[in-house]
Protein chains: 2
Amino acid sequence: MSQGVEWALHCVVNLSYLESGRSGSRTRLAEYYGLSDAYLAKHLKSLVRAGVLVASTGPQGGFRLARAPEDITVLEVVEAIEGAGPSFLCTEIRQQGVCAAPPAACRRACPVAKVMYAADAAWRDSLRQVTIADLGRRVPKTYQKRGADWMRGTLVRP
Amino acid sequence: MSQGVEWALHCVVNLSYLESGRSGSRTRLAEYYGLSDAYLAKHLKSLVRAGVLVASTGPQGGFRLARAPEDITVLEVVEAIEGAGPSFLCTEIRQQGVCAAPPAACRRACPVAKVMYAADAAWRDSLRQVTIADLGRRVPKTYQKRGADWMRGTLVRP
DNA sequence: GCATTAGTACTCGGATACGAATTGTCCGAGTACGCCAGG
DNA sequence: CCTGGCGTACTCGGACAATTCGTATCCGAGTACTAATGC
């Protein structure tokens, strides 16, 4: 799985600590976690396209949550980076080769694919049950405040 | 996810139709599904290393199941190809950057990682509950027999 | 003192190189079967 | 007819390229604030 998922989740959680309407800049986020500033832009852009974040330019601009933290699931963030498509892709190899099954015999989905899709659904269900607000509460209060202060620019040094 | 997972699962299911002690050759498997013969070798080798299949050389040789189909889970086959490690890898970015948390404050696992690991566990549980025998039964009997016949060399043309 | 306007600094966004992992292919090592020759 | 040995054909296994995806980076477009200037 892509490493960008970890970056995106941490960034979204940190942005959730800011009061509504306030934005945190890409550079601040990158410095906070020691990430590549330019590369982080790519992932944040994906989050904007997916409707998780909203971007604004100019001074005091940056990224902010598109909705309340309670209304954003972890799954949404993950799918914004990894893509919403299923991880397993059935290429219907039963319809190929010397003993290929005719399309008429393949009205039922491939049993192999069914199992993989079921596991994929279980994975998504698990991620859908946790929101960004849930995640944010599990961070020690000290770091919640420290993150918000750094994002606002109030905090110069840790 | 790697495409080899689909190949491996179909091949293992097809080998499960052979009577105990009998092997199916790599070439036969590749022709049956229209796959690349040389590349399939790589995946079958992974299955041998993982203890799912047993290989034997020489005429009448090939691959056979290392255990009964009821004792091989889908998860084992998937992990043989994809690797047993978790799909999500926490790099502890909370311990990096200007506001890095000291190691002493990180005795608890990262909340982000916890959620991802839980989803990973759900995915694995789902795959662990299905065996190769289960999967084999879900294929129409006609194709079960056709696959076995082709593996034995009895069947020349579909 | 106030409004206007030009400048500046800060932000995101797309286009562009680099590296690693998956995909794909080839040739060599080893083994079991079958055939042939000798007894 | 039986037995031993040799050859052949078939199998897997590891080593070697090509392509795709994830990683990493730079520079340009746009906006809001600021400050200076003229009225």
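Before any of the text, the structure's been laid out above.
Residues numbered from 1 in each chain as written. Chains lettered and ligands numbered in written order. Predicted model: local features only at pLDDT ≥ 70, side-chain atom pairs only at ≥ 80, totals over all residues. Heavy atoms only, no water.

Undergrad: An account of the relation of the copies chain B and chain A is needed here, citing residue identities and associated values.
TA: In screw terms, the move from chain B to chain A is a rotation of 180° and a rise of 0.0 Å along the axis, fitting with an RMSD of 0.0 Å. On the angle and the small slide along the axis, the relation comes out as a two-fold axis. Residue Trp123(B), judged by its C-alpha, is the member of chain B lying nearest the rotation axis, at 2.5 Å. Most of the interface of chain B is mirrored in chain A: 100% of its interface residues are interface residues there too. (Least-squares fit on C-alpha atoms with pLDDT ≥ 70 in both. Contact = heavy atoms within 4.5 Å.)

Undergrad: How would you sum up the protein's contact with DNA strand C? Please name residues and give values.
TA: Taken together, 20 residues surround DNA strand C, and among them Lys45(A), Phe63(A), Ser2(B), Gln3(B) and Lys42(B) come closest. Within 4 Å of the protein, the contacting atoms of DNA strand C are 62% sugar and phosphate, with bases supplying the remainder. In this structure, a sugar or linking oxygen belonging to DNA strand C sits 3.3 Å away from a main-chain N or O atom of Gly58(A). At 3.0 Å, a side-chain N or O of Ser36(B) approaches a phosphate oxygen of DNA strand C. Mapped by element, the contributors of at least two residues to the surface near DNA strand C are helix H3 (37–49), strand S1 (53–56) and strand S2 (62–65) of chain A together with helix H3 (37–49) of chain B. In terms of residue class, the surface near DNA strand C is built from five nonpolar, ten polar and five charged. (Near = heavy atom within 4 Å. Polar contact = N/O pair within 3.5 Å; in protein donor to acceptor, adjacent residues only side chain to side chain. Helix = DSSP H or I, 4+ residues; strand = E, 2+ residues; numbered from the N terminus. Nonpolar A, V, L, I, M, F, W, Y, C, P; charged D, E, K, R; others polar.)

Undergrad: Pulling in residues and values, what's your account of the nonpolar core?
TA: Counting 98 residues, the largest nonpolar core has Leu47(A) and Leu47(B) as the members making the most contacts within it. If we ignore the near neighbours within four places in the chain, the residues touching Leu47(A) are Ala8(A), Val12(A), Val52(A), Leu53(A), Val77(A), Ala80(A) and Ile81(A). (Core = buried A, V, L, I, M, F, W, Y, C linked by side-chain atoms within 4.5 Å. Buried < 20%, exposed > 50% of the residue type's maximum accessible area, 1.4 Å probe, protein only.)

Undergrad: Describe the protein's contact with DNA strand D, naming the residues involved and giving the relevant values.
TA: Residues in contact with DNA strand D amount to 20 residues; listed here are only the nearest, Ser2(A), Ser36(A), Lys42(A), Lys45(B) and Phe63(B). In the interface set of DNA strand D, defined as its atoms within 4 Å of the protein, sugar plus phosphate atoms amount to 61%. A distance of 2.9 Å separates a base nitrogen of DNA strand D from a polar side-chain atom of Lys42(A). Taking Arg26(B), its main chain carries an N or O atom lying 3.2 Å from a phosphate oxygen of DNA strand D. At the level of secondary structure, the elements contributing two or more residues to the surface near DNA strand D comprise H3 of chain A together with H3, strand S1 (53–56) and strand S2 (62–65) of chain B.

Undergrad: Go over the packing of aromatic side chains with me, naming the residues and quoting the values.
TA: A complete count under the given rule lists six aromatic pairs over all chains for this structure. Each ring, one from Phe88(B) and one from Tyr117(B), has its centre 6.2 Å from the other, and the planes form 75°; the classification is edge-to-face. Of this pair, Phe88(B) sits in the loop between helix H4 (74–82) and helix H5 (111–128) while Tyr117(B) sits in helix H5, and the two are 29 residues apart along the sequence. The class for Phe88(B) is buried, based on a relative accessible area of 3%. On the basis of relative accessible area, Tyr117(B) is assigned to the partly exposed category, the value being 34%. The ring of Trp150(A) is capped by Arg28(A), whose NZ or CZ atom sits 4.4 Å from the centre of that ring. (Phe/Tyr/Trp six-rings, centres within 6.5 Å; stacked < 30°, edge-to-face > 60°. Lys NZ or Arg CZ within 6 Å of the ring centre and 35° of its normal.)

Undergrad: Can you explain the pairing of S1(B)? Please cite residues and give values.
TA: All names here are of chain B. In this structure, S1 lies alongside S2, joined through four bridges in antiparallel fashion. Its bridge partner being in S2, Leu53 is matched across the sheet by Leu65. Once S1 ends, the chain turns through five residues before running back antiparallel as S2, passing Gly58 with a positive phi of about 85°. (Pairing = 2+ DSSP bridges.)

Undergrad: Would you mind going over the interface of chain B and chain A in detail, with residue names and values included?
TA: Contact residues are listed per partner, giving 49 residues for chain B and 49 residues for chain A. Considering only the surface of chain B that becomes buried against chain A, Glu6(B), Ile93(B) and Cys99(B) emerge as the three largest contributors, covering 17% of it. Applying the counting criterion to the chain B and chain A interface returns zero salt bridges. Inspection of the region where chain B meets chain A yields eight residue pairs in polar contact (both at pLDDT 80 or more). At the level of elements, helix H1 (4–16), helix H2 (26–33), H4, H5 and helix H7 (141–152) of chain B are the ones that each hand at least two residues to the side of chain B that touches chain A. Class assignment for the residues of the side of chain B that touches chain A results in 35 nonpolar, eight polar and six charged. (Buried area = accessible area lost by both parts, 1.4 Å probe. Salt bridge = Lys/Arg side-chain N within 4 Å of Asp/Glu carboxyl O.)

Undergrad: Tell me about helix H5 (residues 111–128) of chain A, and name the residues and values.
TA: Given a rise of 1.5 Å per residue, 18 residues ought to cover 26 Å, and the 25 Å separating the end C-alpha atoms of H5(A) matches this to within 8%. Of the positions making up H5(A), those classed as buried are Pro111(A), Val112(A), Ala113(A), Val115(A), Met116(A), Ala119(A), Asp120(A), Trp123(A), Arg124(A), Ser126(A) and Leu127(A). Tucked inside the fold, the buried residues of H5(A) contact helix H4 (74–82) of chain A together with H1, H4, H5 and helix H6 (132–137) of chain B. (Expected span 1.5 Å × (residues − 1).)

Undergrad: Requested: an account of the pattern of salt bridges, with residues and values cited.
TA: In the structure shown here, the tally under the stated rule is 22 salt bridges over all chains. With a shortest N-O distance of 2.8 Å, Arg152(A) and Asp149(A) are connected by a salt bridge. Of this pair, Arg152(A) and Asp149(A) both sit in helix H7 (residues 141–152), separated by three residues, roughly a single helical turn. According to the relative accessible area criterion, Asp149(A) is buried, its value standing at 14%. For Asp37(B), the salt bridge identified is with Arg26(B), shortest N-O distance 3.5 Å. One end of the pair, Asp37(B), is in helix H3; the other, Arg26(B), is in helix H2, with eleven residues separating them in the sequence. Judged by its relative accessible area of 34%, Arg26(B) falls in the partly exposed class.

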